[in-house]
Amino acid sequence: MASASGNSETACTLEFAVQMTCQSCVDAVRKSLQGVPGVQGVEVQLENQMVLVQTTLPSPKVQALLEGTGRQAVLKGMGDSHLQNLEAAVAILGGLGPVRGVVRFLQLTPERCLIEGTIDGLEPGPHGLHVHQYGDLTSNCASCGDHYNPDGTSHGGPQDADRHRGDLGNVRADADGRAVFRMEDEKLKVWDVIGRSLVIDEGEDDLGRGSHPLSKVTGNSGERLACGIIARSAGLFQNPKQICSCDGLTIWEERGRPIAGQGRKEPAQPPAHL
Ligand SMILES: [Zn+2]
C-alpha cells in the first residue's frame, strides 16, 4: 500500500449503507471486519442500515469485505475519526477505451490528503496517476492540460521535494487489470484540486528519473487512458440519499448498474436476499 508521504497512515471513517434486516445481519457484518488488519473500529446501526468503519484500508477493500456477507454495501461518505466534516471530492474516470475508475479525495488533516479508489480495465503493472490542471473533457483527456503545477517546478515522484503538486506517482494493476490503492499526500489539498481533473496513464511514471526528454515533464508515462473531473462530494453523514432524484433508482438498485448509459435504464434483477 502506497503512502506518498512515507509516514504512517492516518485512519479515516467510512460510512456505508448496508442492507440489514435483523440482528443476525449485524452480527455477520461485524464478523466480516473482525480482526482485519487496518480496521480500527466498527459501529453498526441496524435502524439506519449504516456501518461506520474506522480504517486505513482503501474503501473498495472494506466494501468487498462487507459484501462478502452476501449483502450490498454502498459507500455514502468519508470523514475523519472525530466526525468532523472535512473536504471531500470524487473523480469518476472514463475514456475512449475500457478503463473506468472511481477515485476519492479526503482532506484528513490540514496537511494530509487521502487519495484512494479503484481503477479497472488496465494492463497489469504500474500506471502513472496525476492531477491535471483543467477540468475540461471537451476533447476527452487531451483537454485536461498539463500536470497541476502552480509552483512551476519540474516533474517528480510523490515523495520528492521537487515535483508537480499533481504528481501522485504510480498505481499498480493486478493480473485482472484492477488497481486498488490508498495513498496520503502532503502537497495536494482537496480545495486546490476540486474542478481540476485526474488522469490515469498507459505506462509507468519514471518519477522524473528517466533519460527520456519527457521524464522531467510527464514522467514519460504514455497516453492518457482515462480521466475525470474532480468534483466536491459528501463528507460523513452529508449524503441522505436513499433514492436517486434523477431517475428513481434506489441506492441498492444503482449499486449494480453502470453510472450512465443504456445499462442504467434496464430493469434490475432483484437481489436474491430481498
Ligand atoms: Zn508531473
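Above: the structure in question.
These numbers were taken from a predicted model, which means no experiment stands behind them.

Reading guide: rules and limits
Residues numbered from 1 in each chain as written. Predicted model: local features only at pLDDT ≥ 70, side-chain atom pairs only at ≥ 80, totals over all residues. Heavy atoms only, no water. Helix = DSSP H or I, 4+ residues; strand = E, 2+ residues; numbered from the N terminus. Buried < 20%, exposed > 50% of the residue type's maximum accessible area, 1.4 Å probe, protein only. Contact = heavy atoms within 4.5 Å. Areas by Shrake-Rupley, 256 points an atom, 1.4 Å probe, with all protein chains shown as cover. Donors = N, O, S within 2.8 Å, 3.2 Å for Na, K, Ca; no water. Tetrahedral: all angles 85-135°; square planar, octahedral: opposite > 155°, others 65-115°. Arc of directions from axis to C-beta. Pairing = 2+ DSSP bridges. Axes fitted to C-alpha atoms, helices over the stretch in contact; angles between N-to-C directions. Disulfide = S-S within 2.5 Å.

Caption draft 1: Looking closely at the overall build of the protein. Broken down by element type, the protein carries 5 helices and 13 strands. Looking at the protein as a whole, 46% of its 274 residues qualify as buried. When contacts within the protein are restricted to residue pairs at least 6 apart in sequence, those whose partners lie at least 24 apart make up 67%. Here the protein has roughly 12900 Å² of accessible surface; of this, 50% comes from carbon and sulfur atoms.

Caption draft 2: Quick look at the coordination of the zinc ion. Listed as protein donors to the zinc ion are His 147 (ND1), His 155 (ND1), His 164 (ND1) and Asp 167 (OD); their distances from the metal cover 2.0 to 2.1 Å. Angles of 100 to 122 degrees at the metal separate the 4 donor atoms of the zinc ion, which places the site in the tetrahedral class. Sequence spacing of the donors to the zinc ion: H-x7-H-x8-H-x2-D. You can see His 147 sitting in the loop between strand E9 (138-141) and strand E10 (167-173) and its partner His 164 sitting in the loop between E9 and E10, a full 17 residues away along the chain. Judged by relative accessible area, which is 6%, His 147 ranks as buried.

Caption draft 3: Spatial organisation of helix H1 (residues 23-33). Within the span of H1, buried status applies to Cys 25, Val 26, Val 29, Ser 32 and Leu 33. Buried residues of H1, seen end-on, are gathered within an arc of 125 degrees and therefore sit on one face of the element. Elements that come into contact with the buried residues of H1 comprise strand E1 (12-18), strand E2 (39-45), strand E3 (50-55) and helix H2 (59-67).

Caption draft 4: Seen up close, the sheet that holds strand E5 (residues 88-93). On the basis of which strands lie adjacent, the open sheet formed by 8 strands has the order E10-E8-E12-E13-E5-E6-E7-E11 and antiparallel pairing. The open sheet has two edge strands, E10 and strand E11 (179-185), and neither has a second partner. On average, adjacent strands in this sheet sit at an angle of 20 degrees to one another, irrespective of strand direction. Both E5 and strand E6 (residues 100-107) contribute to a ladder of 6 bridges, which runs antiparallel. Residue pairing across strands places Val 90 opposite Arg 104, the latter belonging to E6. Contacting E6, strand E7 (113-120) and E11, H2 crosses the sheet at an angle of about 60 degrees to E7.

Caption draft 5: Spatial organisation of the sheet that holds strand E4 (residues 73-79). The 4 strands lie next to each other as E2-E3-E1-E4, forming an open sheet whose pairing is antiparallel. Edge positions in the sheet fall to E2 and E4, since each of these pairs with one other strand and no more. Strand-to-strand, the axes of this sheet are offset by a mean angle of 20 degrees, without reference to chain direction. Relative to E3, E2 is paired through 6 bridges, and the arrangement is antiparallel. Opposite Val 42, over in E3, you have Val 53 as the bridge partner.

Caption draft 6: Examining the state of the cysteines more closely. Evaluated as defined, the whole model comprises 1 disulfide. Each sulfur of the disulfide joining Cys 141 and Cys 227 lies 2.1 Å from the other. Measuring the twist about the S-S bond at about -90 degrees, one finds the Cys 141-Cys 227 disulfide to be left-handed. Note that Cys 141 is positioned in strand E9 and Cys 227 in strand E13 (residues 224-232), a separation of 86 residues in sequence. Neither residue differs from the other here; Cys 141 and Cys 227 are each classed as buried. In this model Cys 25 remains outside any disulfide bridge; the closest cysteine sulfur is found in Cys 22, 3.6 Å from its own.

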